[in-house]
Amino acid sequence: MNYYNEHIETASADKMRALQSERLKTAVGRCYNNVPLYKKKLDEAGVKPADIKTIDDIIKLPFTTKQDLRDSYPFDMFAVPMGDIVRIHASSGTTGKQTVVGYTKNDIDVWSEGAARSLIAYGAAKTDVFHVSYGYGLFTGGLGLHYGSETIGAATVPVSAGNTERQVEIMRDFGSDVLCCTPSYAMFIGETLKKMNIDPKSLKLRIGIFGAEPWTENMRLEIEKALAIDAYDIYGLSEVAGPGVSFECKEKNGLHVNEDFFYPEIVDKDTLEPVPDGEYGELVFTCIGKEAMPLLRYRTRDVSALTREKCPCGRTLVKMLRPKGRTDDMLIIRGVNVFPSQIEHVILSFGMEPNYQIVVDRENNLDTMTVKIEMSEKFFSDEIKQLEAAQKKISEGLMSALSVSAKVRLVEPDSIPRSMGKAVRVVDSRRI
Ligand code: DLL
């Protein structure tokens, strides 16, 4: 089977636009009539639901921000009565109050279908055993992949994160075919296999489904080697739907957006004006297929670009390029914009393993950046002189790729904390 929902995934542009237009009208009406914040925002913008006739009218709508969600804590954004809500998730809220998201039964079905389309695109099947190591709980990773996997009829193992050696034993004993977790946890599982002296090829594992944080093409190659699998990217965010908002196909060249449910736009983060296809900007989503919390033009803060080039997989769903990072994760080092993912790209291109930490500080009013990278065994036996030469080479590599100077420090193996969920790559002491 190539598609989960061929009819939608290969729909003509006209058909997709007609569906999106209908759904947008419904979503705007639902927001205006049931959510006081939206009534106020639309009234202030001078827009009535009747002004929205086609999907092109979306640009008339005001944006929604994370702050709007925080101000509505916990349930003021819900557009349906509590009796219709069947699930509540919340985002971690590391930088402020949590944001809460409600789902109706139909919303769960929409989300599950988004995830199911993704799994089929990766080549998974109902005969597979799915090992879900994303965290379960208020985080959407675990339950999102869980429902997607059950929707395609696969045997789902809800392991959640933690106790990595036991995870490996379960994968081996259950003959798991598919692994779902963050890319950083996948790397850690790879390291654990090595420590346990298990040849990844001796496992049945075939496919990896990794997301929830930015990761690079080099990281993909590392993971594919460490686990002897085919690794795919999956994107999502709790406010819109968990994993399955967009997914890669066999081309591994951009993520198809489930645009019949989640309509994407790219805007300039400062002017908020739409930017042309192919150009990077801030990703914005309108939930046109949801009932409980149909957000209008939600600013994700993720940096991506859209492309409508024909995809050899046959899907006509618009593609978003792999997110580079978030506007709020972008480091500004002496005026130069740098995403941690760009640093990762450089480090891995020097054959280093993806265990690194970026430490930013300020000395005498000047930003400093130190990239700590774990040495692999091969470096460990080297002389100081050779280590210094390697540090210098990587530092020069960073300078030429990013135009910013960074000190590189090779540190002992296993000295940088591993993550079972989203990795913390940056320690920015300037903010303290
Ligand atoms: O991370 C949902 C998810 C779970 C996606 C499992 C994929 C797999 P949140 O915790 O709300 O939801 O975090 C959402 O994580 O705005 C991005 O900044 C980042 N993110 C998610 N997927 C990717 C990805 C889940 N594939 C935030 N690449 C988003 C890059 C990603 N960043």
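A. Representation of the sheet that holds strand β5 (residues 178-181). Strand order in this open sheet of nine strands is β4-β3-β5-β6-β7-β8-β9-β14-β13, and the pairing throughout is mixed. Of all strands in the sheet, those bounded by a partner on one side alone are β4 (155-157) and β13 (306-307). Helix α6 (residues 140-151) contacts β3 (129-132), β4, β5, β6 (207-211), β7 (230-237) and β8 (241-248) of the sheet and is inclined by roughly 60° relative to β8. Sheet strands touched by helix α9 (residues 217-227): β5, β6, β7 and β8. Its angle to β7, the strand with the most contacts, is close to 125°.

B. Summary view of the domain arrangement of the protein chain. Taken domain by domain, the protein chain consists of domain 1 (6-328) and domain 2 (332-428). Taken residue by residue, the interface counts 23 residues in domain 1 and 18 residues in domain 2. Between domain 1 and domain 2, roughly 1700 Å² of surface is buried when both sides are summed, and carbon and sulfur atoms account for 57% of that area. The largest per-residue losses of area from domain 1 upon contact with domain 2 belong to T216, N218 and K324, which jointly make up 27% of the total buried on that side. Between R418 and E191 there is a salt bridge whose closest N-O contact spans 2.7 Å. Put simply, domain 1 and domain 2 have nine residue pairs in polar contact (both at pLDDT 80 or more) between them. Secondary structure elements with two or more residues in the side of domain 1 that touches domain 2: α8 (183-195), α9 and β15 (325-326). Looking at side-chain class alone, the side of domain 1 that touches domain 2 contains nine nonpolar, eight polar and six charged residues.

C. Seen up close, the site of the ligand. Near the ligand lie 20 residues; those nearest to it are D233, I234, S238, D302 and K422. The contact in question runs from an oxygen atom of the ligand to an N or O atom on the side chain of D302, over 2.6 Å. Between the ligand and the protein, one listed contact pairs an oxygen atom with a side-chain N or O atom of K422 at 2.8 Å. For the ligand, whose free accessible area comes to 600 Å², the fraction covered by protein is 93%. For the shell around the ligand, the secondary-structure elements that each account for two or more residues are α6 and β7.

D. Region of the structure containing the packing of helix α7 (residues 164-174) against α8. For the pair α7 and α8, the least separation of the axes is 10 Å and the interaxial angle reads 80°. Relative to α8, α7 is oriented roughly perpendicular. In contact with T164, E165, Q167, V168 and M171 of α7, α8 contributes Y185, F188, I189, T192 and L193. The class makeup of the residues in the contact of α7 with α8 is six nonpolar, three polar and one charged.

E. Quick look at the packing of helix α5 (residues 105-121) against α6. Put simply, α5 and α6 touch, their axes get as near as 8 Å, and they point 75° apart. Classified by the angle between their axes, α5 and α6 sit roughly perpendicular to one another. The segment α5 lies against α6, with I108, W111, S112, A115, A116 and L119 engaging T140, G144, L145, Y147, G148, S149 and T151. When its residues are assigned to classes, the contact of α5 with α6 shows seven nonpolar, six polar and no charged.

F. Just the pairing of strand β2 (residues 100-104), in detail. Burial within β2 is extensive, with five of its five residues counted as buried. Of the two faces of β2, both are covered, the one formed by V100, G102 and T104 as well as the one formed by V101 and Y103.

G. Geometry of helix α10 (residues 340-349). The element α10 is largely enclosed, with a buried count of seven among its ten residues. Residues of α10 that are buried include every one of P340, S341, I343, E344, V346, I347 and L348, and no others. Among the structural elements, α9, β17 (336-338), β18 (356-363), β19 (366-374), α12 (384-402) and β21 (426-428) are those in contact with the buried residues of α10. Two residues or fewer after α10 comes G351, characterised by a positive phi angle close to 80°.

H. Representation of the pattern of salt bridges within the structure. A full pass over the atoms with the stated rule returns 39 salt bridges. Between K60 and D57 there is a salt bridge, with its nearest N and O atoms 3.2 Å apart. Shared partners join several salt bridges into a network, and the residues in it are E191, K195, E374, D414 and R418.

I. Layout of the pairing of β3. Residues of β3 alternate between two faces, with V129 and H131 on one and F130 and V132 on the opposite face, all of them buried. Pairing between β3 and β4: three bridges, direction parallel. By the bridge assignment for β4, H131 is matched with V157. Read as a crossover between parallel neighbours, the route from β3 over α6 to β4 is right-handed. As paired elements, β3 and β5 share three bridges and run parallel to each other.

Criteria and thresholds
All residue numbers refer to position in the chain's written sequence, counted from 1. Given that the model is predicted, a residue must reach a pLDDT of at least 70 before its local features are reported, and side-chain atom pairs must reach 80 or more before they are shown or counted; all residues, however, enter totals for whole chains, interfaces and linings. As a convention, hydrogens and water are excluded, and side-chain values are obtained from all of the structure's heavy atoms. Whether two strands pair comes down to DSSP finding at least two bridges between them. The helix and strand labels rest on DSSP assignments: H or I over at least four residues marks a helix, E over at least two residues marks a strand, and numbering proceeds from the N terminus. Contact definition: two residues touch when any of their heavy atoms are within 4.5 Å. Lines fitted to C-alpha atoms define the axes here, with helix axes fitted over just the stretch in contact, and angles between the N-to-C directions of these axes take values from 0 to 180 degrees. The split into domains, and so the bounds of each, comes from an automatic or database assignment of domains. Here's the idea: put two parts together, see how much 1.4 Å probe accessible area each one loses, and the total over both is what we call buried area. Each reported salt bridge corresponds to a side-chain nitrogen of Lys or Arg within 4 Å of a carboxyl oxygen of Asp or Glu. N or O atoms closer than or at 3.5 Å make up a polar contact, with two conditions inside protein: a donor-capable atom paired with an acceptor-capable one, and, for residues adjacent in sequence, both atoms drawn from side chains. The nonpolar class holds Ala, Val, Leu, Ile, Met, Phe, Trp, Tyr, Cys and Pro. Asp, Glu, Lys and Arg form the charged class, and all remaining residues, Gly among them, are polar. If a single non-hydrogen atom of a residue is within 4 Å of a molecule or strand, that residue counts as near it. To measure how exposed things are, a 1.4 Å probe is used in the Shrake-Rupley method; for residues, cover is taken only from the protein chains shown. Working definition: roughly parallel below 35 degrees, roughly antiparallel above 145 degrees, roughly perpendicular at 65 to 115 degrees, and oblique for all remaining angles. Residue exposure (1.4 Å probe, protein chains only): buried if accessible area is under 20% of the type maximum, exposed if over 50%, otherwise partly exposed. Clockwise travel from the first strand over the helix to the second, with the strands pointing away from the viewer, marks a crossover as right-handed.

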